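Now for the letters of each chain:
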Amino acid sequence: MNEARFSTKSIWAGEKEQLAFGATQVPVVHSVSFGYDDMDEWYEVAVGRKDGHIYGRNTNPTVQAFEEKIRILEGAESATSFSTGMAAISNTLGTLLFPGDRVVSIKDTYGGTNKIFTEFLPKQQVEVVLCETGDHEALEEEISKGCKVLYLESPTNPTVKVTDIKRMAIAGKAVGATVVVDNTFATPVNQNPLELGADLVIHSATKFLGGHADALGGAVCGRKSLVEAIYHYREINGATLDPMAAYLLLRGMKTLKLRVDQQNKNAAEIADYLKSFDMVEAVYYPGLPEHPHHDIAKTQMKGYGGMLSFAVKGGVDTVRNLLPELKYANRAANLGSVETVVGPSRTTSHVECTPEERAAMGIPEGLVRYSAGIEDIEDLKEDLSQAFKKLQTYAKN
Ligand SMILES: *Cc1c(COP(=O)(O)O)cnc(C)c1O
């Protein structure tokens, strides 16, 4: 399977091993437990000396197919799964960090991740250092002081800042840190953190991997020893991926490349188009040559992704009038789906933060996050155009 190309892998990987009754599609196995008439066989499976399933909190055939597919797509030795992306993140950090440990990360991580860093880890006597996103010198300096975990996310939510993963992985390795990268925004179509030197790659499968906004899930991929330790933490803590969700994610992943290629194209055109509106103050997209991290993105990404954001003149009031006018966009908190999704960052990714915290993270209150869908680009452009025109009518009245 490793020699096949991306779309071939995304369709075939992980499937065959789980087929039953001559079915050509992976079954959704809802059984909570797996029974054995042979006591010796049961024992061998229970102690892990023989392949098989015991109890649904630990392993499940449908879930295993999902894990194998993401493992192959990220080119990892091992992969495990979770009920949500946040479960993947919290279980990974919970496995790796103990009182007295130090973790270095960036200020612009996903809102929930940021809460783990600012609210929960400090209570467990873990020292958390959050550097300015994109300030590679500051990151290197903090890493050089020693850390157990270097945690990165690139591109970030919502201003799509980019961190040089290869450079940071070298710094992390030098002090023996485990280098973790949240690859949710890029997807394995656009970026492979393991190839860039990361030890672990995390996904909120809820987003691009599933791609249809109908199932929650998470994944962690990397070296076997690390992933097994995280799997053990998860099987005990119980943040297990549901088999039905695993099936929906599996089905979504088969079209991952088709979707993400189209989203890359649509986002790039929309980012460019947005610049033509007087009401738009700034556009954030790593594919734009003027983006501060465009050069890094160009070297480490194969495509710039489906996510962008833009700030409008007039702040929250303009956002309030503009977004309801869009016909072809869900106004919602998710992203990475086949349909275009928009939302103010103050309501979506960073709702847990105070306005002061958002300002400190460089997130204007009038920022709109735009997750490009796979619709026809002309319709998306016409939709934005008519919505901005309506704004002018508001302004005149
Ligand atoms: C959504 C998201 C998460 C959290 O995933 P859930 O599945 O919602 O728990 C983590 N990281 C990033 C970058 C995300 O966009």
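The shown structure was predicted, so the numbers you read here are calculated from the model rather than taken from an experiment.

## A short note on the overall build of the protein chain
Here is step 1: Looking only at helices and strands, the protein chain has 15 helices and twelve strands in total.
Here is step 2: With respect to the principal axes defined by its C-alpha atoms, the protein chain has extents near 80 × 55 × 35 Å.
Here is step 3: Here the protein chain holds 397 residues, and 55% of them are scored as buried.
Here is step 4: Long-range contacts, defined here as pairs at least 24 residues apart, represent 74% of the contacts in the protein chain between residues at least 6 apart.
Here is step 5: Between the mean site of the 41 positive side-chain charges and the mean site of the 52 negative ones, the protein chain shows a separation of 3 Å.

## Some thoughts on the site of the ligand
Here is step 1: Inspection of the region around the ligand gives 15 residues, with Gly-85, Met-86, Asp-182, Thr-206 and Lys-207 positioned closest.
Here is step 2: Contact between the ligand and Asp-182: a nitrogen atom at 2.7 Å from a side-chain N or O atom of the residue.
Here is step 3: Take Ser-204: an N or O atom from its side chain is 2.9 Å from an oxygen atom of the ligand.
Here is step 4: If the ligand stood free it would expose 380 Å²; the protein chains cover 93% of that surface.

## Quick word on the side chain of Thr-80
Here is step 1: Considering the arrangement of structural elements, one finds Thr-80 in strand β1 (residues 78–82).
Here is step 2: Overall, the relative accessible area of 2% leaves Thr-80 in the buried class.
Here is step 3: In contact with Thr-80, not counting residues within four places along its chain, are Glu-67, Gly-218, Ala-219, Val-220, Val-227, Tyr-231 and Arg-234.

## Digging into the pairing of strand β4 (residues 149–153)
Here is step 1: Of all five residues in β4, five are buried, a share of seventy percent or more.
Here is step 2: Side-chain alternation along β4 places Val-149, Tyr-151 and Glu-153 on one buried face and Leu-150 and Leu-152 on a second face that is also buried.
Here is step 3: Pairing of strand β2 (residues 102–106) with β4 involves two bridges; the strand directions are parallel. Bridge assignment links Val-104 to a residue of β4, and that residue is Leu-150.
Here is step 4: When β4 meets strand β5 (residues 178–182), the two strands line up parallel, connected through five bridges. For Glu-153, the partnering residue across the bridge sits in β5 and is Asp-182.
Here is step 5: Tracing the backbone out of β4, into helix α7 (residues 165–174) and back to the parallel element β5 gives a crossover that is right-handed.

Rules and cut-offs
- Residues numbered from 1 in each chain as written.
- Predicted model: local features only at pLDDT ≥ 70, side-chain atom pairs only at ≥ 80, totals over all residues.
- Heavy atoms only, no water.
- Helix = DSSP H or I, 4+ residues; strand = E, 2+ residues; numbered from the N terminus.
- Buried < 20%, exposed > 50% of the residue type's maximum accessible area, 1.4 Å probe, protein only.
- Contact = heavy atoms within 4.5 Å.
- Lys, Arg positive; Asp, Glu negative; His and termini not counted.
- Charge placed at Lys NZ, Arg CZ, Asp CG, Glu CD.
- Near = heavy atom within 4 Å.
- Polar contact = N/O pair within 3.5 Å; in protein donor to acceptor, adjacent residues only side chain to side chain.
- Areas by Shrake-Rupley, 256 points an atom, 1.4 Å probe, with all protein chains shown as cover.
- Pairing = 2+ DSSP bridges.
- Right-handed = clockwise from strand over helix to strand, strands pointing away.

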